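Overview (structure and organization)
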Amino acid sequence: MQLFPCPFCGPRSETEFHFGGDAGNRRPEGFRAVTDGEWAAYLHDRNNPRGAANEIWMHMTCGEVFRMERDTVHHGVAQAFALLEGGGDDGLAH
Amino acid sequence: MLDNSGKWQPEPDWASARLAGRTIALRAVTGLPQRLVSGDLDRFLAGHGLGKDVGALGLATGARYAVRLARDRLLAVGIPVDDGWHEAGYAVTGVGSALRVFEARGDGIRDLLARATTIDVDNPGPCAALSFCGVTAVVYFHEDTQTLRIHADRGLAVYLWEWFECQPLLSAR
């Protein structure tokens, strides 16, 4: 069992969490000005790094959405930041 | 003709439903007033004289108490308050019919928690919403640390009851 740190609840089993995608993958703004390539990249392109990863996760039992820095090789978690408290990778909750 | 009803066991009569094992006994608690409160929880707690809310495996006492479910949400039990938005900064939703409540009691509580959850019983955290045998439930102690209360979605209550029946702790099989 792997433990993930919910910024509110503390360490919980990974089975209580849901992956929310790469941090910083912003929805393209502009409606008709958004190209199909930009939209496809937003929907489908993933960083899939080997090593340090920066991701959005949701703790399903309490609903907390947060950013987590972890390593995809040894699965160690470096830090978790609550988006509600401005923990987005650009310093903003979004 | 396809008959799906045979795949599921009928819902027990919750008023009389009981399970008993060597170290633990289980019953359903009915008629408990339950409300979700979202927003400014400190003002809600202060306004109703509730003191601190209860986290995972925390100890609630009496008939009026609050259990923390998330950063900005709690479950208020036994507290008469109108549904809807309150000017003090919180919203209230009645969920008495949405959540079924079970109460387990006995020396085997820690064994039950070990089977049903992955929670660290010595460091459970401030939030009582956790995964209990695969179901998101609200789990805390009531009156003493040998009485565990579990609130789960009503639609999953029969599954949970069947899971309890299958446990060596509670099963006569």
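In this text the structure is predicted, and so the values were computed from the model without any measurement. (Residues numbered from 1 in each chain as written. Chains lettered and ligands numbered in written order. Predicted model: local features only at pLDDT ≥ 70, side-chain atom pairs only at ≥ 80, totals over all residues. Heavy atoms only, no water.)

**Description of the domain arrangement of chain B**
Residues and elements named next belong to chain B. Domain boundaries in chain B define domain 1 (18–31 + 98–166) and domain 2 (34–94). A separation of 20 Å is found between the C-alpha centroids of domain 1 and domain 2. Counting residues at the interface gives 23 residues for domain 1 and 17 residues for domain 2. Of the roughly 1,400 Å² buried where domain 1 meets domain 2, counting both sides, 65% is carbon and sulfur surface. (Domains from an automatic or database assignment. Contact = heavy atoms within 4.5 Å. Buried area = accessible area lost by both parts, 1.4 Å probe.)

**Quick word on the pattern of salt bridges**
All names here are of chain B. Tallied over the full model, the rule gives twelve salt bridges over all chains. E11 is the salt-bridge partner of R100, the closest N and O atoms lying 3.9 Å from each other. Of this pair, R100 sits in strand β9 (residues 99–105) while E11 sits in the segment before β1 (18–20), and the two are 89 residues apart along the sequence. Residues joined by salt bridges that share partners form a network here, namely R27, E103 and R149. (Salt bridge = Lys/Arg side-chain N within 4 Å of Asp/Glu carboxyl O. Helix = DSSP H or I, 4+ residues; strand = E, 2+ residues; numbered from the N terminus.)

**Quick notes on the sheet that holds strand β3 (residues 34–39) of chain B**
Residue and element names in this part refer to chain B. Ordered in space as β5-β6-β3-β8-β7, the five strands form an open sheet in which the pairing is antiparallel. If you trace the sheet from one side to the other, it starts and ends with β5 (65–70) and β7 (84–86), each paired once. Each adjacent strand pair in this sheet contributes to an overall mean axis angle of 25 degrees, direction not counted. Summarising the sheet, β3 and strand β8 (residues 90–94) pair through five bridges and their orientation is antiparallel. Each bridged residue has a counterpart across the sheet, and for V37 the counterpart in β8 is V92. (Pairing = 2+ DSSP bridges. Axes fitted to C-alpha atoms, helices over the stretch in contact; angles between N-to-C directions.)

**Points about unusual backbone geometry**
All names here are of chain A. Notably, F31 is not glycine yet its phi reads approximately 55 degrees, a positive angle. On the basis of relative accessibility, which here comes to 68%, the residue F31 falls in the exposed class. Of note, H75 is a non-glycine position whose phi angle comes to about 65 degrees, a positive value. Mapped onto the elements of the fold, H75 is located in the loop between β5 (64–71) and β6 (77–82). For H75, a relative accessible area of 42% translates into the label partly exposed. (Buried < 20%, exposed > 50% of the residue type's maximum accessible area, 1.4 Å probe, protein only.)

**Focus on the nonpolar core**
All names here are of chain B. One finds F102, L112, F132, V139, L148, I150 and F164 to be the most contacted residues of the largest nonpolar core, which totals 33 residues. Contributions of two or more residues to this core are made by β2 (25–29), β9, α2 (109–116), β10 (129–132), β11 (135–142), β12 (144–153) and α3 (157–166). Among the elements that take part in this core, α3 stands out by supplying six residues, more than any other. Setting aside anything within four residues of it in sequence, one finds L112 in contact with I24, A104, F132, L148, W163, F164 and L169. (Core = buried A, V, L, I, M, F, W, Y, C linked by side-chain atoms within 4.5 Å.)

**A short note on the interface of chain A and chain B**
Listed as interface residues are 13 residues of chain A and, on the opposing side, 15 residues of chain B. Counting the surface lost from both chain A and chain B, the interface buries some 1,100 Å², and carbon and sulfur atoms represent 56% of this. When the area that chain A buries against chain B is broken down by residue, the three leading residues are A:F8, A:R12 and A:T61, summing to 48%. Taken together, chain A and chain B are joined by one salt bridge. Between B:R71 and A:E64 there is a salt bridge; the shortest N-O distance is 2.6 Å. At the junction of chain A with chain B, the criterion picks out five residue pairs in polar contact (both at pLDDT 80 or more). Here the side of chain A that touches chain B is composed, by residue class, of seven nonpolar, two polar and four charged. (Polar contact = N/O pair within 3.5 Å; in protein donor to acceptor, adjacent residues only side chain to side chain. Nonpolar A, V, L, I, M, F, W, Y, C, P; charged D, E, K, R; others polar.)

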